[in-house]
Amino acid sequence: KRKKLPTMSTSSSSTAPGDVGDELCCVDTPALLLFMDSLERNIQTMKRTLEPFPNTALRPHGKAHKCAEIAQLQLAAGAQGICCQKLCEAEAFVQAGILDILLTNEVVGHKKLQRLAQLLKSGAKVQVLADATAHVQGYAALAEEHALDITVLIEVNVGQGRCGIDPIAHDLLVQLAKSITAHPRLHFGGLHCYQGALQHVRSHAERRGKVREVAECSRQCRDVLVQAGIAVPVVTGGGTGTYLLECEAGVHTECQPGSYLFMDADYGRNLRPDGDFVCDFEHSLYVLTTVVSCSESRLVVDAGLKAVSLDSGVPLVCDMQRQLLPALTFVNGGDEHGVLQGSPQVCAKFKVGDTLLLVPGHCDPTVNMHDWFVCVRERRVQHVWRVAGRSPGL
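Residues numbered from 1 in each chain as written. Predicted model: local features only at pLDDT ≥ 70, side-chain atom pairs only at ≥ 80, totals over all residues. Heavy atoms only, no water.

Here's the deal with unusual backbone geometry
In step 1: Note that the residue after Thr29, namely Pro30, is joined by a cis bond; omega there is -5 degrees.
In step 2: Along the chain, the position of Pro30 falls in the segment before strand S1 (31–35).
In step 3: Positive phi outside glycine occurs at Arg322, with the angle close to 70 degrees.
In step 4: In this structure, Arg322 sits in the loop between strand S12 (316–318) and strand S13 (329–332). (Helix = DSSP H or I, 4+ residues; strand = E, 2+ residues; numbered from the N terminus.)

Examining the pattern of salt bridges
As a working rule, side chains carrying opposite charge can pair if their charged atoms are close by.
In step 1: Taken as a whole and judged by the stated rule, the model has 18 salt bridges.
In step 2: Note that Arg377 is salt-bridged to Asp37, the shortest N-O span being 2.5 Å. Of the two residues, Arg377 is situated in strand S16 (residues 372–377) and Asp37 in helix H1 (residues 36–50); the sequence distance between them amounts to 340 residues.
In step 3: For Arg377, a relative accessible area of 23% gives the class partly exposed.
In step 4: On the accessibility criterion, Asp37 (32% relative accessible area) is partly exposed.
In step 5: Here Arg272 ties to Asp276 by a salt bridge, and the two come within 3.6 Å at their closest N and O atoms.
In step 6: A residue is classified by how much of its surface remains accessible, and Asp276, at 40% relative accessible area, is partly exposed.
In step 7: Here the salt bridges share partners, and the residues they tie into one network are Asp37, Glu40 and Arg377. (Salt bridge = Lys/Arg side-chain N within 4 Å of Asp/Glu carboxyl O. Buried < 20%, exposed > 50% of the residue type's maximum accessible area, 1.4 Å probe, protein only.)

Section: the packing of aromatic side chains
In step 1: Evaluation of the coordinates by the stated rule reveals 3 aromatic pairs.
In step 2: Note on Tyr260 and Phe281: the rings are 5.6 Å apart at their centroids and 55 degrees apart in plane angle, and the pair reads as tilted. On the criterion of sequence distance, the pair formed by Tyr260 in the loop between strand S9 (254–255) and strand S10 (285–295) and Phe281 in the loop between S9 and S10 is long-range, its members being 21 residues apart. For the pair Tyr260 and Phe281, a shared accessibility class is recorded, and that class is buried.
In step 3: Aromatic pair Phe262 and Phe373: ring centres 5.9 Å apart, planes at 35 degrees, arrangement tilted. With Phe262 in the loop between S9 and S10 and Phe373 in strand S16, this pair connects stretches of sequence that are 111 residues apart. Across the pair, Phe373 and Phe262 agree in class, each one buried.
In step 4: Directly above the ring of Phe35 sits Arg322, whose terminal nitrogen or CZ lies 4.3 Å from the centroid. (Phe/Tyr/Trp six-rings, centres within 6.5 Å; stacked < 30°, edge-to-face > 60°. Lys NZ or Arg CZ within 6 Å of the ring centre and 35° of its normal.)

Regarding helix H7 (residues 204–227)
In step 1: Compared with an ideal rise of 1.5 Å per residue, which puts 24 residues at 34 Å, H7 spans 34 Å between its outermost C-alpha atoms and is within 8% of the ideal.
In step 2: Those residues of H7 not exposed but buried are His204, Arg207, Val211, Val214, Ala215, Cys217, Ser218, Cys221, Val224 and Leu225.
In step 3: One or two steps after H7, the chain reaches Gly229, where phi turns positive at roughly 85 degrees. (Expected span 1.5 Å × (residues − 1).)

Overview of the pairing of S10
Each regular strand displays side chains that alternate between the two surfaces of the sheet.
In step 1: As judged from the 4 bridges shared by S1 and S10, these two strands associate in the antiparallel manner. Residue pairing in the sheet places Leu32 in a bridge with Val287 of S10.
In step 2: With 4 bridges joining them, S10 and strand S15 (residues 355–359) adopt antiparallel strand pairing. Residue pairing for S15: Thr289 is matched across the bridge by Leu356.
In step 3: Pairing of S10 with strand S11 (residues 298–301), which is carried by 4 bridges, proceeds in the antiparallel orientation. Bridge pairing links Ser295 to Arg298 in S11.
In step 4: Counted between consecutive antiparallel strands, the loop separating S10 from S11 contains 2 residues. (Pairing = 2+ DSSP bridges.)

Here's what the structure looks like:
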């Protein structure tokens, strides 16, 4: 008789590394720390920088945080809605009562379309993207099946080389827009014109020049539709690295920055017009890690590939006062470990059990590795917020 295999407990995956009221020194590691003072200042800085551009609304991208509590802070500061990249993010936000969502993606497949229908039935306004008739046909069939109204924006490939209709294929653009407006339950919401590859162009002058190309491409697509008798209520796009440049160009009516909340190491390498590093937004997101082994020229910490993303470069190393430690360099140590390389004189200053802070190279995928934000104020845990929308991208 075959033996029944034991069931593995999954309780550890839902256990937060800290509790409200804990001192920072009591938080287990690795943990995703969010310093609330810096987060709040970043939210207010975004609001202030957009004041000269009243015709450009803020719709921040929730894929950066996937957390309803953070989205509520953004909405309270004037955001008109939230962007999501995946249905799982939208579902988490709608469940928390956040109902104005732009899903900056095409929804493909029966199961995903049915999940979209459930979101719309709940009373949420979830807008979606299309760049082909197959997408429009899928939305139309869903609208008929469930008696739903669906707002669809056309995604334009303004240089990303990913999804999006060819911006010079004006006939196809008009044809696609007319296929949306022809259906009684589909509504044309405008154009999605986002160029993610520009977010980390280091030179400000080069970044500005390339954004002007995006704006001109977006303008031409908008004007082609208007000339064809199709109103374009929204042109949306722009990210943390370029949103002010899109605002200056005057074509986009919405901007979608997301990483400004956290400011990862990669964004911190962008340059201002004067050639210095950008500094409008502060680092607020860190991975707390513990030294588990020491040797003459290296420290080993308990944050590896499962705790911090390396796709946009290695994290920066900071002390517990959030001061940069440039003499220590993070090196990939595998799934569960990071290696901090330094001189014998530097490494001798640390011992097993010491804690350090890592500034992620890329905040979005780092957040997606964690179940919880441990929110800190004055070195004590003020909130523990779930990363409710995390998943491999369902």
